[in-house]
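A structural walkthrough
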Amino acid sequence: MAANGESELVRVGIIGAGGNTKLRHIPNLQDIPGVQLAAVCNRSLASSRASAEAYGIPKATDDWRAVVEDPDIDAVVIGTWPNMHAPLTIAALEAGKHVLCEARMAMNAAEARAMLAAARRPPRRVAQLVPSPFTLPWDAAVQDILREGILGALTYISVRSVGRAFPDPPGALMSWRQDADLSGVNALTLGIYYEALQRWVGDARRVMAMSKTVVGMRLHAEACALTGVRVPDHVDVLAEMACGAQAHMVFSAVMGAAREPTSEIWLHGTEGTLHLDVDDGVLSMALKSEGGHMRQVEVPAERRGFWRVEHEFVGAIRGQEKVKLTDFATGVRYMEFSEAVARSAASGRAVALPLLD
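Description of the structure in this document. (Residues numbered from 1 in each chain as written. Predicted model: local features only at pLDDT ≥ 70, side-chain atom pairs only at ≥ 80, totals over all residues. Heavy atoms only, no water.)

1. Section: the packing of aromatic side chains
Our working definition: Aromatic rings from Phe, Tyr and Trp, taking only the six-membered ring of Trp, are treated as a pair when their centres fall within 6.5 Å; an angle between ring planes under 30 degrees marks them as stacked, one over 60 as edge-to-face, and anything in between as tilted. Where helices and strands are cited, they refer to DSSP runs of H or I of at least four residues and of E of at least two residues respectively, numbered from the N terminus. Think of it in three bands: with a 1.4 Å probe and only protein chains considered, a residue is buried below 20% of the maximum accessible area for its type, exposed above 50%, and partly exposed in between. Here, a charge over a ring is recorded when the distance from Lys NZ or Arg CZ to the ring centre is within 6 Å and its angle to the ring normal is within 35 degrees.
According to the stated counting rule, one finds two aromatic pairs in the structure shown. Judged by centre distance (4.9 Å) and plane angle (15°), the rings of Phe-134 and Tyr-193 are stacked. One end of the pair, Phe-134, is in the loop between strand 6 (127-129) and helix 6 (139-147); the other, Tyr-193, is in helix 8 (residues 190-201), with 59 residues separating them in the sequence. Owing to a relative accessible area of 30%, Phe-134 belongs among the partly exposed residues under this scheme. Consider the rings of Tyr-194 and Phe-337, whose centres lie 3.7 Å apart with planes at 0°: the pair is stacked. Here Tyr-194 is found in helix 8, whereas its partner Phe-337 is found in helix 10 (residues 328-347), with 143 residues between them in sequence. Of the two residues examined, Tyr-194 and Phe-337, each falls in the buried class. Over the aromatic face of Trp-307 sits the side chain of Arg-24, whose NZ or CZ is 4.0 Å from the ring centroid. The aromatic ring of Tyr-334 is capped on one face by Arg-104, whose charged end is 4.1 Å from the ring centroid.

Structure, rendered in structure tokens:
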């Protein structure tokens, strides 16, 4: 490739042109000067050719190795299900490619650690995970409030991310998110909200969880048979946070007619309380010194974050910036949290973090 700079040509291969890849990665990469989409690989050649034609990509294949090993490709975007994230990422890094991998990072913590180890081996390449997007507009403002100590010492944290649908009937079609062979320990929106919470208050030290699979049998489309479901439909987590607060997190796909908002985060402190209504995009705060009444927090335009994943990836490749959202070390921590929740729910015991194995 050419010397670092805005004119440096970056040739990108796409492995897994799924929903988020088509919605964000492909159009955003194509909008960046000097970026060329060189190849696309889906599970079938017909699907690959359809994506190539739709987005003007010159090469189409159903063999991911052809993308990873192509000497004309500098970077790989991985948009597959989590079961392929580790093997594809490790192979791409070992082939000297930069990697942007879709969330969730991997099937489990061991795979995530292997990905991080591969990213740290020479020659060092840019390794980025697609970040949790839900809190991007408010992250900087919340971090400012916490940094200034406005809430005092944090005492209690509440995270709630639930759907308003009633449970599916028995035998409903199984999605990849409900298939443990494809999604691993990832469940519902647990990992993606924990990643957002990490940005604000840091990590958990210990978790205790209970989970429930309400729809125990689903139709597996490829097997054409009813299959037992191992991914929970509902998860409750109690966590001891490193910041000193206790946290309660609820994630559910079976809370029919749940109250609004269905997605929210509360931070309670000795001097104040902060609330983010993710559904309506409203940040509110109540201070003890002001009588404890909730008022909306106006976030200046210059402090509002936004999606710039693909620009950050290319900027890091060109040496113009470093990956912040999200690096592999952060991904390992949210995968350890997700696995700790699964272990606790299975054993009925509290699980300490970080995991030792």
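2. A short note on the side chain of Asp-233
Applied cut-off: Positive charges come from Lys and Arg, negative ones from Asp and Glu, while His and the chain ends are left out of the count. We count a salt bridge whenever a side-chain nitrogen from Lys or Arg sits within 4 Å of a carboxyl oxygen from Asp or Glu. Counting of polar contacts relies on pairs of N or O atoms within 3.5 Å, with two restrictions inside protein: one atom must be capable of donating a hydrogen and the other of accepting it, and residues adjacent in sequence are counted only when both atoms are side-chain atoms. Pairs of residues are marked as contacts when any of their non-hydrogen atoms sit within 4.5 Å.
Structurally, Asp-233 can be placed in the loop between strand 10 (225-228) and strand 11 (234-241). Arg-218 provides the closest opposite charge to the buried, unpaired Asp-233, separated from it by 4.2 Å. In this structure the side chain of Asp-233 is engaged in a polar contact, spanning 2.7 Å, whose partner is the backbone nitrogen of Val-214. When neighbours within four sequence positions are excluded, Asp-233 is seen to be in contact with Leu-188, Lys-212, Thr-213, Val-214, Val-215, Arg-218, Phe-251, Ser-252, Ala-253 and Val-254.

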